[in-house]
Amino acid sequence: MGLTLLTERYAPQIAGVLSCFDRLLMFGTLPKVCFADGMTAYLYQHKVRIFDYPRFAEPFRNRLRENAEKLAADNGIQIEHIRKKNFRKENRVKQILAQRGEQPGLVCILSAMEPCATYKPWYDRETGKTYLKPEDGKCLHYYFYFLDEELGLGYVRVPTWLPCRLQVYFNGHNWLAAQLKKRDIGYRMLDNAFVEIDDWAQAQRIADGWQAKRIHWKLDELAKRFCPIFRDFGVAYHWSLDQCEYATDIVFRRQAELQAIYGNLTRTAIHTVKPDNIATFLGKKLVPQFQGEMGNRFNIRIEGTRIKHTMGPVSLKLYDKFGLILRIETTVNDVSFFRHYRKVEHRDGTSETKWAPMLKTVYSLPALRELLVAANRRYLEFLSTIDDPGAGINKLTRVSQTVQQNERSYPGFNFFDDDDQMLFEALARGEFNISGLQNKTLRPHLPDKSSGQVSRLLKRLRLHGLLKKVGRTYKYYLTTLGKEVIAAGLNLKEIFLVPQLAFGHAQ
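Residues numbered from 1 in each chain as written. Predicted model: local features only at pLDDT ≥ 70, side-chain atom pairs only at ≥ 80, totals over all residues. Heavy atoms only, no water.

Trainee: Teacher, can you tell me more about the packing of helix α5 (residues 172-182) against helix α6 (residues 200-208) here?
Mentor: Following both chains from N to C, one finds α5 and α6 inclined at 120°, their axes separated by 10 Å at the closest point. Classified by the interaxial angle, the pair formed by α5 and α6 is oblique. Along this stretch, α5 crosses α6, giving a crossing that reads as right-handed. Along its contact with α5, which presents W175, L176, Q179 and L180, the element α6 presents A203, I206 and A207. Its residues assigned to classes, the contact of α5 with α6 comprises six nonpolar, one polar and no charged. (Axes fitted to C-alpha atoms, helices over the stretch in contact; angles between N-to-C directions. Helix = DSSP H or I, 4+ residues; strand = E, 2+ residues; numbered from the N terminus. Parallel < 35°, antiparallel > 145°, perpendicular 65-115°, else oblique. Left-handed = near helix turned anticlockwise from the far one by under 90°. Contact = heavy atoms within 4.5 Å. Nonpolar A, V, L, I, M, F, W, Y, C, P; charged D, E, K, R; others polar.)

So, in structure tokens, the structure goes:
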């Protein structure tokens, strides 16, 4: 496991490791009225004229305003209206928390005029039908920031115009902090990261025990409190995942110990991670039909540097927090990007269990957690193979020396040889890391080699410890040493030789 390799290598410097959900953004919609045709049917059913829709919606807006004012009065706070475009709500909430303390309850209510989804009445002259059409509008929104004993700090964003699509945010690290406090496990946090925990293993077990049903119940409670008008429609809110982040934090004891390796990790990652690798980290195969955005990005921020690898709606980030924590974080903006084995129900009432895109419901969180954990682990495994200065000489000797077997010689590998470089580039392809390789799958990437020559190459790779064979099959996988050698062979040209020669030419 990549995490094991990395933590064992730097064991004296590491205080603890923790993986858990970070940012969670969820939407709540009313199934009966969230679509224009549903709202149209609702109005017809209740004998409301379509062109009276604004008059129909106005009382709901007034009740939401009254509810916000009552909550503010009951909690002794004032509703603050935001007029500035660059106003940062998070900073204002931090100021209020510094004054009021960390006790549970309603922290503040902020309001702002913001875009919202709505409908407009429409008459179709061709069909003679009157109905509602979707439209982008603007209405007053309330942000209810709260401190919950179970969820920690979060907010509910409530638009005051139908269909009142709710947005709920909370942080998994804050949720875990509340669980640790409940169990009297000591900890210390900086922002949304743990820098100290009395029992890291127990904290990880708690984080793994995330219950979607419990989260669903809490979301329903928030809707009842901050958007009580939904009862009028006789349905409950349907909760869906909008954005999820899952972080793996490796916490170092001192900043100097992380900074000693961080620069080399980021430099190597930005130069060596290719599209095939990104797909592999996410458990995917890169196919020609893929049309999404893909690539690497290096950012210098006030907090430090960050590398971001993107594939469609998913990104994988590497950065340091406070110079003390190495964080690997996978963010997904559309969970249907991932596929998993689940029950699929068809329109005719039948069902079957098969591989299918992940549903956006909150009950996909356990399966999503497993997929995001695996993505972080694969990325850590990659990092663990490209940054191991210890025992490098012995490994280089093992790879480059000739091996004898049955009175036959198998030469070592030369990082400057074009054929060996081409072989390394072929072996580094993402699909081989997932599905393994065979003579027939490797041969198309070595066009000058016959089947017999590729067989001898496979034998040569096995004898030098770079490949391992699976059982009694003809399938091979790279060993840990093999992955390290491939990374080193690719780095040699791209990071050292080419830049150095280009610099020398410029001189």
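Trainee: Is there a simple way to explain the sheet that holds strand β5 (residues 152-159) in this structure?
Mentor: Taken in spatial order, the eleven strands line up as β2-β3-β4-β5-β6-β1-β9-β13-β12-β11-β10 in an open sheet, and their pairing is mixed. Bordering the open sheet on either side are β2 (79-81) and β10 (294-300), each of which pairs with just one other strand. Averaged over all pairs of adjacent strands, the angle between strand axes in this sheet comes to 20°, irrespective of strand direction. In this sheet, strand β3 (residues 105-124) lies alongside β2 in parallel orientation, the contact comprising three bridges. Paired with I79 across the bridge in β3 is I109. Across the sheet, α6 is in contact with β1 (14-29) and β9 (238-252); its angle to β1 comes to roughly 20°. (Pairing = 2+ DSSP bridges.)

Trainee: So what exactly am I meant to see when it comes to the pairing of strand β12 (residues 314-321) here?
Mentor: Each regular strand displays side chains that alternate between the two surfaces of the sheet. Counting buried positions along β12 gives eight out of eight residues, so the element sits mostly inside the fold. Both faces of β12 are covered, namely the face carrying V314, L316, L318 and D320 and the face carrying S315, K317, Y319 and K321. Relative to β12, strand β11 (residues 305-311) is paired through six bridges, and the arrangement is antiparallel. From the neighbouring strand, I307 faces β12, where its bridge partner is L318. Sheet topology note: the β12/strand β13 (residues 325-332) ladder contains eight bridges and is antiparallel. Residue pairing in the sheet places L318 in a bridge with I328 of β13. Linking β12 back to β13 in an antiparallel pair, the connection comprises three residues, with F322 at a positive phi of about 60°. (Buried < 20%, exposed > 50% of the residue type's maximum accessible area, 1.4 Å probe, protein only.)

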